Amino acid sequence: MKLKTTLVTGLFAAFAAFPAFADDMKVVASFSILGDMVEHVVGDHAEVTTIVGPDADAHVYQPSVADARAVAEADVIFVNGMGFETWSDTLIAESGTDGTVYVATEGVTPVLVDGEIDPHAWNALTNGVVYVQNIADAMSEAMPGHATEFQANAASYISTLYALHADTLQRLAALPEDRRTVVTAHDAFGYLADAYGMNFVAPIGIDTEAEPSAQELASLITQIREDGVAALFVENITSPALVQQIADETGLEIGGQLFSDALSERGGPATSYLAMFEHNLGQLLAALESS
Ligand code: ZN
């Protein structure tokens, strides 16, 4: 009887140590856009938990007890880095997790806005490619038994990203020079501007923590009048009030809503990274192609 118990326990131990049986690996992604990329790479081989969900602002997020538990139980944790998640270092340290932390922007060339690193690197598709490859490499390390599949998933996803990148370059290149400057609520599109020859102006900087003073807003409105801004956009993660005020004072119309830092809720127009980018491109073109 004793021998039998030992044998069964021994078998379980052997299975647990064998990578092919480690299908219940837990992965945490810090925000919704990154979570979607991770899901594309891992398929159903890992349970993916996203901390900052759809339509939520990751800059000013306050982690919950449930978030700390998810991080504590995670085998792998993905963050954007570049100072995007101001709360993640504390959350990870205080959770006591044994999980491995990977920075998805590793290898991205940073864009500076007013001397600070712009963390919104995903808003250029060529950077999205870097994120996806980093995720595939990290997950291949964590679950070597599935490495071939993860790399294949990433390769197919990356080819779709490159196709959309080429399409975006071509469609935005067709815009006249005076139809390339737009206003959004915060500086979330510096990478899109650099990659596709656009200009973005915003009353709030690269994070959403500070609102502009009345004087800053007034000088921005003067700049908008002088620069010949072609359209204004509200965002899913910030209040539309500032953009509405700029619309009222400049007489410019609000061209639509862009998804800058988070996906939309299920049923919305931006439930994946690809859908989000396509939606933003469509909104920009609809407002800028007409004059
Ligand atoms: Zn942002």
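Residues numbered from 1 in each chain as written. Predicted model: local features only at pLDDT ≥ 70, side-chain atom pairs only at ≥ 80, totals over all residues. Heavy atoms only, no water.

Moving on to the coordination of the zinc ion. Protein coordination at the zinc ion: the donors are H59 (NE2), H120 (NE2), H186 (NE2) and D261 (OD), at 1.9 to 2.0 Å from the metal. With four donor atoms in place around the zinc ion and angles of 94 to 119° between them, the coordination shape is tetrahedral. Counting gaps between the donor residues of the zinc ion yields the pattern H-x60-H-x65-H-x74-D. Placement of H120 in the loop between β6 (116-117) and α5 (125-142) and of D261 in the loop between β10 (254-258) and α10 (273-289) is noted, with a sequence separation of 141 residues between them. On the basis of relative accessible area, H120 is assigned to the buried category, the value being 0%. Since its relative accessible area comes to 1%, D261 is described here as buried. (Donors = N, O, S within 2.8 Å, 3.2 Å for Na, K, Ca; no water. Tetrahedral: all angles 85-135°; square planar, octahedral: opposite > 155°, others 65-115°. Helix = DSSP H or I, 4+ residues; strand = E, 2+ residues; numbered from the N terminus. Buried < 20%, exposed > 50% of the residue type's maximum accessible area, 1.4 Å probe, protein only.)

Formed by 78 residues in total, the largest nonpolar core has its most connected members in M37, F78, W122, M139, L192, F200 and Y273. Among the elements that take part in this core, α10 stands out by supplying nine residues, more than any other. Ranked by size, the runner-up nonpolar core spans 15 residues in total, among them L217, I224, V234 and I246. (Core = buried A, V, L, I, M, F, W, Y, C linked by side-chain atoms within 4.5 Å.)

Quick look at the sheet that holds strand β4 (residues 100-103) now. Here we have four strands laid out as an open sheet, ordered β2-β1-β3-β4, and parallel in their pairing. A single partner strand is all that each edge strand has here, and the edge strands are β2 (46-52) and β4. Here the strands of the sheet are splayed against their neighbours by 20° on average, with no regard to which way each runs. Across six bridges, the pairing between strand β1 (residues 25-31) and β2 is parallel. Its bridge partner being in β2, A29 is matched across the sheet by T50. (Pairing = 2+ DSSP bridges. Axes fitted to C-alpha atoms, helices over the stretch in contact; angles between N-to-C directions.)

What follows covers the environment of G83. Here G83 shows up in the loop between β3 (76-79) and α4 (88-95). In this structure G83 comes out as exposed when scored by relative accessible area, which is 57%. In this structure the C-alpha to C-alpha distance between G83 and H59, which are 24 residues apart in sequence, comes to 8.9 Å.

Right, let's talk about the domain arrangement of the chain for a bit. Entries for the chain in the domain assignment read domain 1 (22-166) and domain 2 (175-290). The partner domain 2 presents 30 residues to the 37 residues of domain 1 that form the contact. Summed over the three residues of domain 1 that lose the most area to domain 2, namely D55, N123 and L164, the buried surface amounts to 24% of that side. At the boundary of domain 1 with domain 2, the tally comes to zero salt bridges. For the interface between domain 1 and domain 2, the tally reads 18 residue pairs in polar contact (both at pLDDT 80 or more). Of all elements in the fold, only α2 (32-42), β6, α5 and α6 (147-173) reach the threshold of two or more residues within the side of domain 1 that touches domain 2. Looking at which element gives the most residues to the side of domain 1 that touches domain 2, the answer is α6, with five residues. (Domains from an automatic or database assignment. Contact = heavy atoms within 4.5 Å. Buried area = accessible area lost by both parts, 1.4 Å probe. Salt bridge = Lys/Arg side-chain N within 4 Å of Asp/Glu carboxyl O. Polar contact = N/O pair within 3.5 Å; in protein donor to acceptor, adjacent residues only side chain to side chain.)

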